[in-house]
Amino acid sequence: MAVYTQVDAAALAAFLTRYDVGTALSFKGIAEGVENSNYFVATTHGRFILTLYEKRVDAAQLPYFLALTTHLADAGLPVPRPIQDREGVALQTLNGRPACLIQFVEGVSVTAPNDAETREVGAALGRLHAAVANFEGERPNGLGPAGWARLAADCAGRLDAIEPGLEALVADQLASINAAWPTHLDTSTIHADLFPDNVLMLGGKVTGLIDFYFACTDIRAYDIAVTHAAWVFDGDGAAFAPGRAAALIDGYRSVHALSEAEVAALPVLCRAASLRFLLTRAYDWLNTPAGAMVTRKDPLAFARRLHWYGAATPEQILGR
Ligand SMILES: Nc1ncnc2c1ncn2[C@@H]1O[C@H](COP(=O)(O)OP(=O)(O)O)[C@@H](O)[C@H]1O
Ligand SMILES: N[C@@H](CCOP(=O)(O)O)C(=O)O
C-alpha cells in the first residue's frame, strides 16, 4: 500500500474548495508506490492525483520538485502538472502533511518491457535532458557518494543477515566507485529514479513520466545508468537483456548526444546506480517495522546487477 495518511470525505471536500476543480465524484487510495500517500480523485471537472508527502521527502525541497515538473510540462513533456489553487498556490497542507493536487495522466506501467518500449523510454529520457537545459533549479543529490556512505554506515554489521558476503561487497564497491568517480562529465538536472513503475505507457508510447522526488543536479550520464539498471535486466537482475540495452541507448541518442567520455564512464556509473538502489532497499529491508503495510523491495536484485556491471565493458553495457 502507499497510503500512510488517511483523508476522509469531509477533509477532501474542504480541500477541493480551494480550487476550480468542481466537487468530488470518487476518491480512493492508490496501492502502488512506497514513498508517499497517493489518492485518485475524480471530480465534476476531471481526474486528479492527490499526493501527501511522507518520510523521505523533505518539505523544504518540494518547491524545487514542483518547479521542475511545471517546467517539464511547459516544455511539452508528458509530466503531470501540479494544480494551482485560485490564489496560484500548488503546495498545500492537508491533515498535517504537505500535499499537492496533480494532473492525472493516463497510462500503465509496463512490468516486462520489450525492446520497443525501452527505446521509447530512452528517447523520453533524452527529451527530459534536453528540456532541463534551461531549468535553473539546483538540488544536490542526497543519494550520491556521501549518501551511500551514510546508508552503508546505517546498515553496518547487519548486511550479512540479508545475504552472507553483502557487507564486503558494499565496502569494496563503495571504495572502488569513490576512487573511480568521474569529475569531468557534464552535470544537469536528472530524474534519478526512472524505473518502469515511474513511466506510464499506452500503445507502446510514453504517456507519463512521474515521481520526480529524487530529481537532483548530478552527472547527466548517471541518469542513463539508473535507467539502464532499471530496464535492461530480467529475472530480478539475474539476466542482462542486450537488445533492451541497445534500444535504450539508441532511443536516447535519437534525441540527445551521449559522448565517448560518458560511454567510457558507464561501467562505474552503472555500478554506482546499482549500489544506490541496493543500499536504499537494504536500509528499508532492515528498518521497515514488522507489520508495516509496505512491500519491501529486494536489495539482492541490485547486488546481482552490481556483479554483472563489475565485469562489463562499455560495449557490453551498450548491448553490442
Ligand atoms: N499523475 C499521475 N497520473 C496517473 N497515475 C499516477 C500519477 N501519479 C501517480 N500515479 C499512480 O500512483 C502510483 C504511485 O505513485 P508514485 O509517485 O510512484 O508513488 P511513490 O512516490 O509513493 O512511489 C503510480 O504507480 C501510478 O499508478
Ligand atoms: N525505484 C526504487 C524505489 C523508489 O520507489 P518509487 O516507487 O518511488 O519508484 C527501487 O526500485 O528501489
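Bear in mind the structure is a predicted one, so any value in this text is a computation, not a measurement.

**Student:** In this structure, what is going on with the overall build of the chain? I would like to understand it.
**Tutor:** The helix and strand inventory of the chain stands at 11 helices and 11 strands. In terms of C-alpha radius of gyration, the chain reaches 20 Å, essentially the compact-globule figure of 20 Å for 320 residues. Along the first, second and third principal axes, the C-alpha set of the chain runs to 55 × 45 × 35 Å. Looking at the chain as a whole, 53% of its 320 residues qualify as buried. When contacts within the chain are restricted to residue pairs at least 6 apart in sequence, long-range pairs at least 24 apart make up 72% of them. When the accessible area of the chain is evaluated, it comes to approximately 13,700 Å², of which 54% is carbon and sulfur surface.

**Student:** Looking at this model, I keep getting lost on the packing of helix H4 (residues 145-155) against helix H9 (residues 260-287). Mind explaining?
**Tutor:** Helices that pack against each other are described as a pair by the angle of their axes relative to one another and the distance between those axes. Look at H4 against H9: their axes get within 10 Å of each other, and the N-to-C directions meet at 35 degrees. The way H4 lies across H9 gives a crossing that is left-handed. From H4, Trp148, Leu151, Ala152, Asp154 and Cys155 reach across to H9, where they touch Ala272, Leu275, Arg276, Leu279, Thr280, Ala282, Tyr283 and Leu286. Class assignment of the residues belonging to the contact of H4 with H9 gives a composition of 10 nonpolar, one polar and two charged.

**Student:** How do you make sense of unusual backbone geometry when you look at a structure like this?
**Tutor:** With glycine set apart, most residues show a phi of negative sign, and most peptide bonds adopt trans. Positive phi, close to 75 degrees, is recorded for alanine 192, a residue that is not glycine. Structurally, alanine 192 is set in the loop between strand E6 (187-190) and strand E7 (199-202).

**Student:** Please clarify how the side chain of asparagine 141 should be interpreted in this entry.
**Tutor:** Within the secondary structure, asparagine 141 is located in the loop between helix H3 (115-131) and H4. Side-chain polar atoms of asparagine 141 contact the backbone nitrogen of leucine 143, separated by 2.8 Å. Ignoring any residue separated from it by four or fewer positions in sequence, one finds asparagine 141 in contact with Cys216, Thr217, Asp218 and Tyr222.

**Student:** Just to check I follow, could you spell out the UniProt feature "domain: Aminoglycoside phosphotransferase" (unreviewed entry) in the chain for this structure?
**Tutor:** According to UniProt, the positions carrying the feature "domain: Aminoglycoside phosphotransferase" (unreviewed entry) are residues 27-257. Between the C-alpha atoms that bound residues 27-257 the distance is 43 Å, and the span itself is 36% helix and 21% strand.

**Student:** Would you mind going over the packing of aromatic side chains with me for this structure?
**Tutor:** Two aromatic rings, taken as a pair, are described by how far apart their centres are and by the angle between their planes. Considering all chains together, one arrives at 17 aromatic pairs under this definition. With centroids separated by 5.6 Å and ring planes inclined at 80 degrees, the aromatic side chains of phenylalanine 233 and tryptophan 308 adopt a geometry described as edge-to-face. One end of the pair, phenylalanine 233, is in strand E10 (residues 233-234); the other, tryptophan 308, is in helix H10 (residues 300-310), and 75 residues separate them in sequence. Here a set of aromatic residues connected by ring pairs shows up, and it is made of Tyr53, Tyr64, Phe65, Phe135 and Tyr213. A cation sits over an aromatic face here: arginine 276 above phenylalanine 214, 4.7 Å from the ring centre. Over the ring of tryptophan 285 we find arginine 296; its NZ or CZ atom is 4.1 Å from the centre of that ring.

Basis of the calculations
- Residues numbered from 1 in each chain as written.
- Chains lettered and ligands numbered in written order.
- Predicted model: local features only at pLDDT ≥ 70, side-chain atom pairs only at ≥ 80, totals over all residues.
- Heavy atoms only, no water.
- Helix = DSSP H or I, 4+ residues; strand = E, 2+ residues; numbered from the N terminus.
- Rg over C-alpha atoms; globule rule 2.2 N^0.38 Å.
- Buried < 20%, exposed > 50% of the residue type's maximum accessible area, 1.4 Å probe, protein only.
- Contact = heavy atoms within 4.5 Å.
- Areas by Shrake-Rupley, 256 points an atom, 1.4 Å probe, with all protein chains shown as cover.
- Axes fitted to C-alpha atoms, helices over the stretch in contact; angles between N-to-C directions.
- Left-handed = near helix turned anticlockwise from the far one by under 90°.
- Nonpolar A, V, L, I, M, F, W, Y, C, P; charged D, E, K, R; others polar.
- Polar contact = N/O pair within 3.5 Å; in protein donor to acceptor, adjacent residues only side chain to side chain.
- UniProt positions renumbered as here; feature names shortened; annotations may be inferred.
- Phe/Tyr/Trp six-rings, centres within 6.5 Å; stacked < 30°, edge-to-face > 60°.
- Lys NZ or Arg CZ within 6 Å of the ring centre and 35° of its normal.

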